[in-house]
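An overview of the molecular structure
This is what each chain is made of:
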Amino acid sequence: MKQTSSSCYSVMISPGKMMIFRLSKTIVFVLFCYGHVVPQETDPVPPDKVEAIGSYIFRYGYGVMGSKLERKTSTSILHCNHFCLKNSKCVSFNYQLTGNTHGSCELSEQGVVSREESDGVLENTPGCIFVQTVRQDLNPRSCLDLLQAGRRYSGIYTLFDDNGSLFPVYCDLTSEPKAAWTLLMSERTPGSHMFQRKPLFQDYPTNNTNPNWSAFRLPLFNMMQLRSRTTHWRITCSFQIDGLVYQDYVRAKTKDFDLLDFDQLGTCRQVEYIYVRGHSCSHCQTIWFQSSQEILHLDSSSKQCNFDPSPGAVHTEDNFGYYMSFSPKFRCTDPGRESTTNHWFGGIEENLMTGEKMTEKRTKRLLHSVINRYF
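Model, not experiment: these values are computed from the prediction.

**Structural notes on the sheet that holds strand 5 (residues 122-132)**
If you walk across this open sheet you meet the 5 strands as 1-5-3-4-2, and the pairing is antiparallel. Looking at which strands have only one partner, the edges of the open sheet turn out to be strand 1 (57-64) and strand 2 (70-74). On average, each strand axis in the sheet is tilted by 30° relative to the strand beside it, whichever way the strands run. Across the face of the sheet, helix 2 (residues 77-86) comes into contact with strand 2, strand 3 (92-97), strand 4 (103-108) and strand 5 while running at roughly 155° to strand 3.

Okay, here's the thing in structure tokens:
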């Protein structure tokens with residue numbers, strides 16, 4: 001069956017109107033960048049920086065064929081780009097100027113491997129611009145791969161395992177512009193005790209084809225694959241309610257503390273940052289427990305190693321898991337709301353520029369050049 005062609009079409013605009021149009025593009029670009037940077041809670045101990053390669057492909061006079069995810073009216077090519085980045089399924093878009101202050105914007109799941117290899121995907125469409133925001137030459141095996149391929153919004157994505165099979169994951173690509181985090185496990189706490197006696201080094205997949213916050217855990221095989229492509233892990237509380245909050249939170253480097261191999265009780269391990277009920281430390285030793293009968297957790301009821309979260313603790317209080325004894329003042333075990341405990345692997349790379357800034361600069365350079373050249 002012949003694919004449906006793009007609906008882009010050509011429009012002529014007078015030189016005077018073109019000058020106004022260019023000015024409006026500049027204003028829209030400023031507003032786009034200003035609105036795109038969403039304030040986040042300041043990280044007390046900033047992690048290593050992530051490199052986001054990104055790979056924009058564009059072709060003037062071409063449009064991507066086939067069915068479209070959405071058709072919108074946009075104020076500029078930058079505005080259309082913003083629509084695409086916000087849609088987790090969008091790979092590319094067609095943009096066509098249709099008036100003095102607006103244009104047509106078509107979002108698509110299709111893309112090309114390179115600018116040259118576009119037969120069967122793109123068709124010659126005068127006046128239209130094809131822009132691809134996500135690389136198609138990679139089989140992503142982690143959320144960091146997705147970030148580097150051009151994805152910029154959090155949501156459920158599909159990854160490849162080491163056998164070439166697909167599996168769904170929740171990727172956090174927005175809470176920290178320096179990192180991409182993959183959800184390994186999440187459960188409703190306290191109360192469910194679903195994983196209380198299921199250490200992370202045991203295989204216990206739960207709803208692994210349906211990532212959710214109340215009862216979810218990846219198979220150990222997938223966790224181990226993700227670990228090989230990660231630099232850090234973290235545990236958050238009630239992420240689905242609060243997003244990222246650095247209170248009742250812990251983050252460590254996998255090379256310092258491997259949560260999938262750890263099988264000891266009451267052993268000090270290095271973390272990058274930890275906060276428990278108002279007590280915090282950075283680059284410090286904290287005491288941890290995990291065995292065949294206990295999932296990974298911290299006991300905050302006494303001073304151990306060089307971290308003392310005991311003031312305000314309940315007797316033998318457990319944090320970040322197990323929860324045989326828990327405090328209502330700890331955000332993961334607040335009985336007054338739908339609290340959860342969330343485990344993540346994160347890819348954080350050392351680079352002089354954050355992924356978000358690299359993306360903004362690359363987007364500005366590419367799309368601004370398109371505007372100046374063709375509009």
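**Structural notes on unusual backbone geometry**
In this chain, Thr189 is followed by Pro190 through a cis amide linkage whose omega measures -5°. Relative to the helices and strands, Pro190 is located in the loop between strand 8 (180-188) and strand 9 (215-217). Positive phi, close to 55°, is recorded for His193, a residue that is not glycine. Its location among the elements puts His193 in the loop between strand 8 and strand 9. Located in the positive-phi region is Phe320, a residue other than glycine, with phi close to 70°. Residue position: Phe320 is located in the loop between strand 15 (318-319) and strand 16 (340-347).

**Looking at helix 2**
Among the 10 residues that make up helix 2, 8 are buried, leaving the element largely enclosed by the rest of the structure. When helix 2 is considered as a whole, its buried residues turn out to be Ile77, Leu78, Cys80, Asn81, His82, Phe83, Cys84 and Leu85. Residue Ser76 occupies the N-cap position of helix 2, its side-chain oxygen lying 3.2 Å from the main-chain nitrogen of Leu78.

**Some remarks on the state of the cysteines**
For the structure shown, the criterion picks out 6 disulfides. There is a disulfide in this structure between Cys143 and Cys171, and the S-S distance comes to 1.9 Å. Between Cys143 and Cys171 the sulfur-sulfur dihedral comes to about -80°; the bridge is accordingly left-handed. One end of the pair, Cys143, is in helix 3 (residues 143-149); the other, Cys171, is in strand 7 (residues 166-172), and 28 residues separate them in sequence. With a relative accessible area of 0%, Cys143 lands in the buried category. With its sulfur 1.9 Å from that of its partner, Cys281 forms a disulfide with Cys284.

What counts and how
- Residues numbered from 1 in each chain as written.
- Predicted model: local features only at pLDDT ≥ 70, side-chain atom pairs only at ≥ 80, totals over all residues.
- Heavy atoms only, no water.
- Pairing = 2+ DSSP bridges.
- Helix = DSSP H or I, 4+ residues; strand = E, 2+ residues; numbered from the N terminus.
- Axes fitted to C-alpha atoms, helices over the stretch in contact; angles between N-to-C directions.
- Contact = heavy atoms within 4.5 Å.
- Buried < 20%, exposed > 50% of the residue type's maximum accessible area, 1.4 Å probe, protein only.
- Polar contact = N/O pair within 3.5 Å; in protein donor to acceptor, adjacent residues only side chain to side chain.
- Disulfide = S-S within 2.5 Å.

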